[in-house]
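# Coordinate analysis (summary)
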Amino acid sequence: MNVTVHACTIPTDEPESDGTAEWDSTTIVIAEVDEGIGYTYCEAAAAGLIRSKLAELVHEDVRRSWLSMQQAVRNAGRPGIAACAISAVDQALWDRKARRLGVPLVDLLGAAHDEVPVYGSGGFCTYSLERLQEQLGGWVAQGIPRVKMKLGRRPDEDPKRLDAVREAIGDDADLFVDANGAFTAKVALGWAERYAGEWSVSWFEEPVSSGDAEGMRFVREHAPLEIAAGEYAYTPEDVRTIAGCVDVLQLDVTRCLGITGVLDVANAYGIDVSAHCAPAISAHVFCAVERRRHLEYFHDHTRIEELMFDGLPELRDGALHPDRSRAGNGLELKRKEVERWSAR
């Protein structure tokens, strides 16, 4: 099998931040296995790991390849960059298989649904009030009935930001918030009560660090709104820990060991699952998740995927619909853009 890897770094359209991080670019690592395409959002080091360790392990049997790749990174460390690298290759293997069978990936995986509802996600802490209103209000006007904003970097400024967003999206749209682990448990609980009571927020993501299982469980048990986390779950063990602490489990197919990894755990815990980002591939995968709730239609990733790929799933009536007229994941690389943004 021929394995090719690209690492492309794309600047954001303006500086961005959340409760605990700041950034001005995003790197996508794209793996091709013959005609199959997979990708992850990760450091460019993932591309080197694919070339040096994983490429020689791929073959026709997707699960066998998946198991071999995990064994190969044992001493390098499976969580983090290695899990992301495996995720990209695993996606590419599934896509290759679907293309050679001449079937859409969503059907090969066994679709439980025809679409995945989305929520618009952005609302960065760096945004002006006007930009916040334009972006989140624009998604609602586009027919997306739920939106999410970042907060927690400067908590004293968040009430006016929440006021502005609620004004822009109206009373009927669902408002979600994401602190990216900015708070301690008791502080998060205090804010949760305010978010729900003053702005009708219904979803509070990562109120504390995902590594603080006890704190997450405390907030979930006492907060008057849903608590969600899981985007930093790289392994089945990570998923098992976080699933017991949240109302809704988030899974990222570009991080948690790929399609094989997602489908191994997504239906295991009896709670709803929300897809974290990477909408072009997540739309296919999470149609196969029985208790899929929705998918994060993340501003950075939608920009990048529109730039790098043709054949994206269609956004219609607030949901992403995989294209069943195309084999595999339906994606085709825009190779001139890949060359333009590739790391040198």
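A few points on the structure. (Residues numbered from 1 in each chain as written. Predicted model: local features only at pLDDT ≥ 70, side-chain atom pairs only at ≥ 80, totals over all residues. Heavy atoms only, no water.)

### Concerning the overall build of the chain
The number of helices and strands found in the chain is 13 helices and 15 strands. Overall size of the chain, expressed as C-alpha extent along the three principal axes, is 55 × 40 × 40 Å. Looking at the chain as a whole, 59% of its 344 residues qualify as buried. Counting contacts in the chain only where the partners sit at least 6 residues apart, residues at least 24 apart contribute 69% of the total. As displayed, the chain has an accessible area near 13400 Å², and 44% of this comes from carbon and sulfur atoms. Computing the positive centroid from 37 side-chain charges and the negative centroid from 56, the chain places the two 5 Å apart. (Helix = DSSP H or I, 4+ residues; strand = E, 2+ residues; numbered from the N terminus. Buried < 20%, exposed > 50% of the residue type's maximum accessible area, 1.4 Å probe, protein only. Contact = heavy atoms within 4.5 Å. Areas by Shrake-Rupley, 256 points an atom, 1.4 Å probe, with all protein chains shown as cover. Lys, Arg positive; Asp, Glu negative; His and termini not counted. Charge placed at Lys NZ, Arg CZ, Asp CG, Glu CD.)

### Points about the sheet that holds strand β1 (residues 3–17)
Spatially, the three strands line up as an open sheet ordered β1-β2-β3, and their pairing is antiparallel. With partners counted over all chains shown, the strands left at the sheet margins are β1 and β3 (36–41), one partner each. Averaged over all pairs of adjacent strands, the angle between their axes in this sheet comes to 20°, without regard to strand direction. As paired elements, strand β2 (residues 22–33) and β3 share six bridges and run antiparallel to each other. (Pairing = 2+ DSSP bridges. Axes fitted to C-alpha atoms, helices over the stretch in contact; angles between N-to-C directions.)

### Here we look at the packing of helix α10 (residues 258–265) against helix α11 (residues 279–286)
For the pair α10 and α11, the least separation of the axes is 11 Å and the interaxial angle reads 40°. Considered as vectors, α10 and α11 are oriented oblique to each other. Judged by the twist between their axes, the crossing of α10 over α11 is right-handed. Contacts between α10 and α11 pair Ile 259, Val 262 and Leu 263 from the former with Ile 281, Val 285 and Phe 286 from the latter. (Parallel < 35°, antiparallel > 145°, perpendicular 65-115°, else oblique. Left-handed = near helix turned anticlockwise from the far one by under 90°.)

### Quick notes on helix α9 (residues 236–243)
Counting along an α-helix, one turn takes 3.6 residues, and residues three or four places apart therefore face a common direction. Taken together, the buried positions of α9 are occupied by Val 239, Ile 242 and Ala 243. Seen end-on, α9 carries its buried residues on one side only, within an arc spanning 100°. Residues of α9 that are buried in the fold lie against α8 (213–222), β8 (226–229), β9 (248–251) and α10. (Arc of directions from axis to C-beta.)

### Looking at the pattern of salt bridges
Summed over the entire model, instances satisfying the criterion amount to 32 salt bridges. With a shortest N-O distance of 2.9 Å, Arg 324 and Asp 107 are connected by a salt bridge. One end of the pair, Arg 324, is in the loop between β14 (319–321) and β15 (332–333); the other, Asp 107, is in helix α4 (residues 105–108), with 217 residues separating them in the sequence. The partner of Arg 291 in a salt bridge is Asp 272, with the nearest N and O atoms 2.9 Å apart. (Salt bridge = Lys/Arg side-chain N within 4 Å of Asp/Glu carboxyl O.)

### Focus on the pairing of strand β10 (residues 272–275)
Alternating positions in β10 separate into two faces, Asp 272 and Ser 274 on one and Val 273 and Ala 275 on the other, with burial throughout. Pairing between β9 and β10: four bridges, direction parallel. Across the sheet, Leu 251 pairs through a bridge with Ala 275, a residue of β10. Following the chain from β9 across α10 to the adjacent parallel β10, one finds a crossover that is right-handed. The parallel pair β10 and strand β11 (residues 292–298), bridged by α11, forms a crossover whose chirality is right-handed. (Right-handed = clockwise from strand over helix to strand, strands pointing away.)

### Here we look at the nonpolar core
Formed by 115 residues in total, the largest nonpolar core has its most connected members in Tyr 39, Ile 50, Tyr 195, Phe 204, Leu 251 and Phe 286. The dominant element in this core, judged by the number of residues it contributes, is helix α3 (residues 81–101), at 11 residues. (Core = buried A, V, L, I, M, F, W, Y, C linked by side-chain atoms within 4.5 Å.)

### So, unusual backbone geometry
Non-glycine residue Asp 34 carries a positive phi angle of around 55°. Here the phi dihedral of Cys 277 falls at roughly 60°; this positive angle occurs in a residue that is not glycine. Turning to its location among the elements, Cys 277 is positioned in the loop between β10 and α11. A relative accessible area of 2% places Cys 277 in the buried class.

### Focus: the layout of surface pockets
In this structure, the largest pocket spans a volume of roughly 720 Å³. What lines the largest pocket is a set of 35 residues, among which Trp 23, Tyr 41, Glu 231, Tyr 232 and Arg 255 lie closest to the centre. Elements supplying a minimum of two residues to the lining of the largest pocket: β2, α3, β5 (146–150), β11 and α12 (299–308). With five residues, β2 is the largest single contributor of residues to the lining of the largest pocket. Residue classes in the lining of the largest pocket are distributed as 10 nonpolar, 13 polar and 12 charged. (1 Å grid on protein atoms, 1.4 Å probe; cavity = no way out; pocket = protein on both sides within 12 Å on 5 of 7 lines; lining within 4 Å. Points joined across faces, edges and corners; volume = space filled by probe spheres on them. Nonpolar A, V, L, I, M, F, W, Y, C, P; charged D, E, K, R; others polar.)

Read these as geometric descriptors, not functional statements.
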